[in-house]
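What follows is each chain in one-letter form.
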Amino acid sequence: MSAAGVALMLGGAGILLAASPAQAAEVSYATECIPPPISGLPPVQGTTTVQITAPAEAKVGDEVEVVWKTVQAASKNPDILDLQKDTVKPTGTITLGGAATGELAMEGPRQNPPIPKNSPMVLPDMKGTLKLEEAGEVTLTPGPYAINVSKPISTDTRCAPKETVRVGATIKVSQGGGTSSGGTTSGGTSSGGTTSGGTTSGGTTSGGTTSGGTTSGGTTSGGTTSGGTTDGGASSGGTTSGGGSGGTSGGGGGDQTDFEGKEIEVAYECKTPIGDKNAVSPVRINARKNGGDYGLTVKFSKSVMDSPADIPKDSVKPSMEVKLGGADKGFVHVEGPTNKDPIKAGDPIEIPDLTGTYKPGATGRTTLSPGVLTVKALGTTTTCTPPADVPFSLELDTSAQPGGAAGGGTSGGAGGSATSGGLAQTGAEDTGALRALALVAGTAILLGGAVFTFTPWQRLRGTP
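Thresholds applied
- Residues numbered from 1 in each chain as written.
- Predicted model: local features only at pLDDT ≥ 70, side-chain atom pairs only at ≥ 80, totals over all residues.
- Heavy atoms only, no water.
- Helix = DSSP H or I, 4+ residues; strand = E, 2+ residues; numbered from the N terminus.
- Buried < 20%, exposed > 50% of the residue type's maximum accessible area, 1.4 Å probe, protein only.
- Contact = heavy atoms within 4.5 Å.
- Areas by Shrake-Rupley, 256 points an atom, 1.4 Å probe, with all protein chains shown as cover.
- Salt bridge = Lys/Arg side-chain N within 4 Å of Asp/Glu carboxyl O.
- Disulfide = S-S within 2.5 Å.
- Phe/Tyr/Trp six-rings, centres within 6.5 Å; stacked < 30°, edge-to-face > 60°.
- Lys NZ or Arg CZ within 6 Å of the ring centre and 35° of its normal.
- pLDDT = per-residue confidence, 0-100.
- Core = buried A, V, L, I, M, F, W, Y, C linked by side-chain atoms within 4.5 Å.
- Pairing = 2+ DSSP bridges.
- Polar contact = N/O pair within 3.5 Å; in protein donor to acceptor, adjacent residues only side chain to side chain.

Draft legend 1. Main features of the overall build of the chain. If you tally the helices and strands in the chain, you get 2 helices and 25 strands. The buried share among the 464 residues of the chain stands at 52%. Considering only residue pairs separated by 6 or more positions, the chain has 75% of its internal contacts joining residues 24 or more positions apart. Roughly 18,800 Å² of accessible area belongs to the chain as shown, and the carbon and sulfur atoms make up 51% of that amount.

Draft legend 2. View of the pattern of salt bridges. Applying the stated criterion across every chain, the model contains 8 salt bridges. Residue Arg-365 pairs with Glu-395 through a salt bridge whose shortest N-O separation is 3.1 Å. Of this pair, Arg-365 sits in strand E22 (residues 364–369) while Glu-395 sits in strand E25 (residues 394–398), and the two are 30 residues apart along the sequence. Classification of Glu-395 as buried rests on a relative accessible area of 17%. With a closest N to O distance of 2.6 Å, Asp-397 and Arg-365 form a salt bridge. Taken as a pair, Asp-397 in strand E25 and Arg-365 in strand E22 lie far apart in primary sequence, 32 residues in all. Within the structure, one salt-bridge network assembled from shared partners comprises Arg-365, Glu-395 and Asp-397.

Draft legend 3. Up close: the state of the cysteines. Following the criterion strictly, the structure yields 2 disulfides and no others. Disulfide partner of Cys-33: Cys-159, at an S-S distance of 2.1 Å. As the torsion about the S-S bond is roughly 110°, the Cys-33-Cys-159 disulfide counts as right-handed. Taken together, the residues span a long stretch of sequence, with Cys-33 in strand E1 (residues 22–34) and Cys-159 in strand E11 (residues 155–161) at a distance of 126 residues. For the pair shown, Cys-33 and Cys-159 are each scored as buried. Each disulfide pairs two cysteine sulfurs, and for Cys-270 the partner residue is Cys-384, the sulfurs being separated by 2.1 Å. Residues Cys-270 and Cys-384 are joined by a disulfide whose S-S torsion is about 110°; by sign, that bridge is right-handed. In this pair, Cys-270 is assigned in strand E14 (residues 264–272) and Cys-384 in strand E24 (residues 380–385), connecting sequence segments 114 residues apart. Of the two residues examined, Cys-270 and Cys-384, each falls in the buried class.

Draft legend 4. Here's a closer look at the packing of aromatic side chains. As enumerated under the stated definition, the model contains 3 aromatic pairs in all. Here the aromatic rings of Tyr-294 and Tyr-358 are separated by 6.1 Å at their centres, their planes lie at 25°, and the arrangement is stacked. One end of the pair, Tyr-294, is in strand E16 (residues 293–299); the other, Tyr-358, is in strand E21 (residues 354–358), with 64 residues separating them in the sequence. A single burial state applies to Tyr-294 and to Tyr-358, both of which are buried. Within the aromatic cluster, the residues linked to one another by ring pairs are Phe-259, Tyr-294 and Tyr-358. The ring of Phe-392 carries Lys-262 above its face, with NZ or CZ at 5.3 Å from the centroid.

Draft legend 5. Here's a closer look at unusual backbone geometry. In the Ramachandran plot, Asp-86 falls in the positive-phi region, its phi being about 55° despite a non-glycine side chain. Note that Asp-86 resides in the loop between strand E5 (76–77) and strand E6 (88–98). Residue class for Asp-86 comes out partly exposed when judged on its relative accessible area of 31%. A positive phi angle, near 55°, is found at Asp-314, a position not held by glycine.

Draft legend 6. Summary view of the confidence of the model for the chain. Of the residues in the chain, 62% reach a pLDDT of 70 or more, and the chain-wide mean stands at 71. Under a pLDDT of 50 for its full length, residues 178–248 has, in the predicted model, 186 contacts with residues more than four places off or in other chains. In this model residues 408–464 is a low-confidence stretch, pLDDT under 50, and it forms 177 contacts with partners more than four residues away in sequence or in other chains.

Draft legend 7. Structural view of the nonpolar core. Residues Leu-130, Leu-140 and Ile-171 are the most contacted members of the largest nonpolar core, which totals 41 residues. Of all the elements in the fold, those that place two or more residues in this core are E1, strand E2 (44–55), strand E4 (63–72), E6, strand E7 (103–107), strand E9 (126–131), strand E10 (136–149) and strand E12 (169–174). Broken down by element, this core gets its largest block of residues, 5 residues, from E10. Core analysis: the next-biggest nonpolar cluster, separate from the first, contains 33 residues, Phe-259, Phe-300, Ala-377 and Ala-405 among them.

Draft legend 8. The arrangement of the pairing of strand E23 (residues 373–377) in detail. Of all 5 residues making up E23, 5 are buried, and the element is well covered by its neighbours. A two-sided burial pattern is seen for E23, the buried positions comprising Leu-373, Val-375 and Ala-377 on one face and Thr-374 and Lys-376 on the other. One ladder, built from 5 bridges, connects strand E18 (residues 316–326) with E23; its direction is antiparallel. Opposite Lys-317, over in E23, you have Lys-376 as the bridge partner. Summarising the sheet, E23 and E24 pair through 5 bridges and their orientation is antiparallel. Note that in E24 the partner of Ala-377 across the bridge is Thr-380.

Draft legend 9. Structural view of the side chain of His-333. On the secondary structure map, His-333 appears in strand E19 (residues 330–335). The class of His-333 is buried, set by a relative accessible area of 9%. Engagement of the side chain of His-333 in a polar contact is seen with the side chain of Glu-321, the distance being 2.7 Å. Polar contacts involving the side chain of His-333 include one to the side chain of Glu-335, which spans 2.9 Å.

Shown next as structure tokens:
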């Protein structure tokens, strides 16, 4: 039996067919790609090269398969993270012309080799099924497409032509059995407006909740401090502050147990996997006395902001090294809980308190100032360092305790290991960690709206 006869049989059975050999043509067009908003990356101008494969000839009533092969994507994988195997899924649209109108939806599998950062994107072929309903020439023109990356969280890069695109393939459709009028296309095609290329499946995926925050014992999500102290955060409404309008509290004397610090603006310099950034953060340090020790609570603003992306649970954990001055020296490690529930895009993000225990190592007036802030998110680490002359938030009358922090030693609070006179450790503990595109969402944005205001977004080096 001839190839044409086989094709007609298959076509009558509703199976994809090609009544004549498939044709493949390459088309290149100027393209603008918009990275995910959470990445902070600017739009990318590049060239997309596509090869469209479709049968050269077919008959009315046939269902034919169209294949979109991305020879070259307009944007590279940014210099942020290595993409894991089978985490990339493309979608796109082909504009129909001539004897058919509308758009043909194209979709590829989530299938790719590992893609190193700062290297070309390798996309699987996309396919779509087109039912031919009118005789004549049907033209296929590649259009916008989207690239979904599923890990560590689902993100989409959207690419659209910036010039008129040439036809990629033409199918000559002749009259055959089972004609039908209408001219609309099959499977997933739309009439008229351009489609977005699809925020593809993927959703919020696994993979993101890596070592982020190895809790250093004792600190709970309720804001309670370790070492047996109760609620670390003096509420703004009540507990007394011995320091008058200045906000600093005198510790020690009388029966006072709760001390509220003043809120100060800290100009942080942050080192992130996507570059250095400046941030301004309002910080307040409160204390609750328990015997000779103090339960500390570092509070950021009570404000919330909406999440720009889905954030998996237990994926973001902040900590700080509170700096001691005056009579005592050293640092006190405080940390906050990880996000216990997933945070969906558009939902408000609450800012956790950081808690720990301060064991004084000297007698006298001791000051407590915001220190190095570390945020571990999705296997990455962002470290923000305050200026050397950052003012103190709280002042306490302290009495030396055995094993206390005097002389630059570490504090014993919260089971943590505060640094002894240096910066908090900055290395990600998981050496195989993903450098998440969502790091900004997971760190600066979690502590964001009211805590971090990056000023301004710097255009990152290179072209993603």
